[in-house]
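# Structural overview for review
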Amino acid sequence: MQKSDTVAGGTPALEKVLAGEELSYSDGVQLMSEENLFLLGAAADKVRQKLCGDVVTFVASYYLNYTNVCAARCPLCAFYRKSDQSDAYTLSTEQIVARSKIAVEQLGATELHIVGGFHPKLGLDYYEKMIQAIKAEFPKVTIKAFTPAEIFFIARLTKNSVKEVLSRLKVTGLDSLPGGGAEIFHPDTRKQIVIGKCSGEEWLDTARQAHELGLKSNCTMLFGHVEKPEHIVDHVIKIRELHKKTKGFTTFVPLKFSLENTELEQKGLVTAESPSTYDLRVIAVSRLLLANVLNNISVYWVALGKKVAQVALSYGGNDMVGTAFSEEIFRAAGKETGTSTQELASLIREIKRVPAERDTFFNHIRSL
Ligand code: SF4
């Protein structure tokens, strides 16, 4: 270990990770529960610096939520509607292509991030036609669509295997998968925050199958509600172990839970959003648990707010996800969404880092 790779006052777990060793579950729990936040942040920042340098990336991404109709009813969610509600919607293929045109031609998006509710009546052909129609008009845009949770639901609904659904969508032009629906894998938390969604094991297995077919994906973790520190560590280690086998994840995105308009809020199960100190701890611990396995840790400014997102870039983050043009899920939970590449670049420059636009797969497209 080099002299510079230490944090004064750091505990054995911090010294261990700075020496390049992998952290155990109990190390992670100790860091989540007891470690001094500033020492933790300093260690995460050192690891980030070593693995990623000073460049902070983001993608010009357009969020397309094709339906808010959902067969599930997750207490964490402010987005879903039942099909007979007045504000329920499902976009037609024509509407999706029209939005894609705005995304690509007017906003300069290189990626379409397409997710929706678990619609109980849409067949696999709806998804195939959607992708085919977009690719016919815009062959160069990257389609990052359908979380492992959606893929699992579509497979069950249409009585196909997960592999069959993924293979058919890939043939039509699906490029990659978003990482949503992971929430918290541990059943003690999961059973309180989701109803009608796949289990943690099913999510991981669906991601594994996507990777084995050559599809890369993001992975997420929704934190800041009813989880325990152990569940954060368990979640990140499960991601780490799968990535060691498949190398299929592009980035890990810890997502801060947005409270407004959710059942967790309405039932008084969660009364306030998590403090920023907790958010920074989760991001730093994620960086340290994943060190030397998965290099990209994304900071989702939509959920954190732009100012805390800037701080989080000094607690292990090296990526700001994207411009999130037209993001509707967090907007339903009261968050400001959508920015420009110029604004993200300014936020990054303000903290003396180097902005770069990337593609979905973390290839740098241009410096800004
Ligand atoms: S989180 Fe997803 S699966 Fe759950 S209710 Fe909301 S849209 Fe449906």
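The structure we're discussing is the one just above.
In this report, the structure presented in the accompanying data block is examined. (Residues numbered from 1 in each chain as written. Predicted model: local features only at pLDDT ≥ 70, side-chain atom pairs only at ≥ 80, totals over all residues. Heavy atoms only, no water.)

## Focus: the side chain of Lys135
- Residue position: Lys135 is located in helix H5 (residues 124-137).
- Beyond its immediate stretch of four places on either side in the chain, Lys135 contacts Val141, Ile143, Thr172, Gly173 and Asp175. (Helix = DSSP H or I, 4+ residues; strand = E, 2+ residues; numbered from the N terminus. Contact = heavy atoms within 4.5 Å.)

## Considerations on the pattern of salt bridges
- Counted by the stated rule, this structure contains 25 salt bridges.
- For Asp125, the salt bridge goes to Lys129, with nearest N and O atoms at 3.8 Å. Placement of both Asp125 and Lys129 in helix H5 is noted, with a separation of 4 residues, approximately one turn of the helix.
- Under the relative-accessibility criterion, Asp125 is labelled partly exposed at 41%.
- Note that Glu128 is salt-bridged to Arg168, the shortest N-O span being 2.9 Å. (Salt bridge = Lys/Arg side-chain N within 4 Å of Asp/Glu carboxyl O. Buried < 20%, exposed > 50% of the residue type's maximum accessible area, 1.4 Å probe, protein only.)

## Examining the site of the ligand
- Around the ligand, a shell composed of Cys70, Ala72, Cys74, Leu76, Cys77, Tyr80, Gly117, Phe118 and Lys197 is seen.
- When grouped by side-chain class, the residues that make up the shell around the ligand number 7 nonpolar, 1 polar and 1 charged. (Near = heavy atom within 4 Å. Nonpolar A, V, L, I, M, F, W, Y, C, P; charged D, E, K, R; others polar.)

## Some remarks on helix H10 (residues 229-246)
- Its 18 residues give H10 an end-to-end C-alpha distance of 26 Å, which sits within 8% of 26 Å, the value for a rise of 1.5 Å per residue.
- Looking at the buried positions of H10, the neighbouring elements they touch are helix H2 (25-33), helix H8 (187-193), helix H9 (200-212), strand S6 (216-223), strand S7 (249-256) and helix H12 (276-290).
- Following H10 by one or two positions, Lys247 has its phi on the positive side, about 55°. (Expected span 1.5 Å × (residues − 1).)

## A look at the packing of aromatic side chains
- Counting across every chain of the model gives 9 aromatic pairs.
- Here the aromatic rings of Tyr66 and Tyr127 are separated by 5.7 Å at their centres, their planes lie at 85°, and the arrangement is edge-to-face. Taken together, the residues Tyr66 in the loop between strand S2 (61-65) and helix H4 (93-106) and Tyr127 in helix H5 connect sequence positions 61 residues apart. Tyr127 carries the same exposure label as Tyr66, and that label is buried. (Phe/Tyr/Trp six-rings, centres within 6.5 Å; stacked < 30°, edge-to-face > 60°.)

## Observations regarding the pairing of S7
- Counting buried positions along S7 yields 8 of 8 residues, so the element is predominantly enclosed.
- Across 6 bridges, S6 lies against S7 in parallel orientation. For Leu222, the partnering residue across the bridge sits in S7 and is Leu255.
- In this fold, S6 hands off to H10, which returns the chain to S7; that crossover is right-handed. (Pairing = 2+ DSSP bridges. Right-handed = clockwise from strand over helix to strand, strands pointing away.)

## Things to note about helix H3 (residues 37-52)
- Taking 1.5 Å of rise per residue, 16 residues should cover 22 Å, and H3 covers 22 Å from first to last C-alpha, within 8% of that figure.
- Within H3 the residues assigned to the buried category are Leu37, Leu39, Leu40, Gly41, Ala43, Ala44, Val47, Arg48 and Cys52.
- Buried residues belonging to H3 abut helix H1 (12-18), H2, strand S1 (55-59) and H12.
- Put simply, Asn36 is the residue that caps the front of H3, since its side-chain oxygen is 2.8 Å from the backbone nitrogen of Phe38.
- Just past H3, the residue Gly53 takes up positive phi, approximately 70°. (Polar contact = N/O pair within 3.5 Å; in protein donor to acceptor, adjacent residues only side chain to side chain.)

## Thoughts on the pairing of strand S10 (residues 364-367)
- Relative to S10, strand S9 (residues 354-358) runs antiparallel, the two sharing 3 bridges. Bridge pairing in S10 places Ala356 opposite Ser367.
- Joining the antiparallel neighbours S9 and S10 is a turn of 5 residues, in which Phe362 adopts a positive phi near 70°.

No statement about biological role is implied by the geometric values presented.
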